[in-house]
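Now for the letters of each chain:
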Amino acid sequence: MAAGTLNKVMLIGHTGDDIKMHYFEGGGCIGRFPLATNEEYMNKATGERVSNTEWHNVVVRNKAAEICEKYLKKGDKVYIEGRIKTRKWTDDSGNDRYSTEIHCSDFTFLTPKEQSGGMNTPGNQPSNQVQPQTPSAPAVNQEDDDDLPF
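Attention in this report is confined to the structure presented alongside it. Note that the structure is predicted; figures quoted are calculated from it, not measured.

1. Examining unusual backbone geometry
In step 1: Positive phi, close to 50°, is recorded for Asn-62, a residue that is not glycine.
In step 2: Along the chain, Asn-62 falls in helix α1 (residues 62-71).

2. Some words on the state of the cysteines
In step 1: Per the counting criterion, the structure on display carries zero disulfides.
In step 2: In this structure Cys-68 is a free cysteine whose sulfur lies 6.2 Å from that of Cys-104, the closest cysteine sulfur available.

3. Describing the packing of aromatic side chains
Here the distance between the centres and the angle between the planes together describe a pair of aromatic rings.
In step 1: This structure, assessed with the given rule, holds two aromatic pairs.
In step 2: Here the aromatic rings of Tyr-71 and Phe-109 are separated by 6.4 Å at their centres, their planes lie at 45°, and the arrangement is tilted. With Tyr-71 in helix α1 and Phe-109 in strand β6 (residues 96-109), this pair connects stretches of sequence that are 38 residues apart.
In step 3: Using a relative accessible area of 0% as the deciding quantity, one classes Phe-109 as buried.
In step 4: Each residue in the set Tyr-71, Phe-107 and Phe-109 is aromatic and connected to the rest through ring pairs, giving one cluster.

What counts and how
- Residues numbered from 1 in each chain as written.
- Predicted model: local features only at pLDDT ≥ 70, side-chain atom pairs only at ≥ 80, totals over all residues.
- Heavy atoms only, no water.
- Helix = DSSP H or I, 4+ residues; strand = E, 2+ residues; numbered from the N terminus.
- Disulfide = S-S within 2.5 Å.
- Phe/Tyr/Trp six-rings, centres within 6.5 Å; stacked < 30°, edge-to-face > 60°.
- Buried < 20%, exposed > 50% of the residue type's maximum accessible area, 1.4 Å probe, protein only.

By themselves, these observations are geometric and do not establish any function.
Set out below in structure tokens:
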């Protein structure tokens, strides 16, 4: 880490889909899922309550990905901690595209078992400290990625 810099993200939100897994020949894997966070505020001009949803592309690796795939289901509430990473890739037309992801280093499931499609229970919630690893870059599902203008 360079002196005086920090890349840390903490999110609490709801999963927008089940985990999509990708397995590598060497035995490693990654899981990807969208996470929604909501912001609500009062529009002072109209007095209306306004709600905005921000979508985050979360990436988890290896054992953490397998735990998320097993226990985390669409709609579940989860705490995610990690760092922001922007990837550059080329689409089928040869255009440069960019994807911003949250590379997860820690998570805690927050949805009680009876409300979840998963099997997490209070007192038995998987919480995972994971050291980021750098396997070879995976094939990207381009439909799930955002296209940033820079």
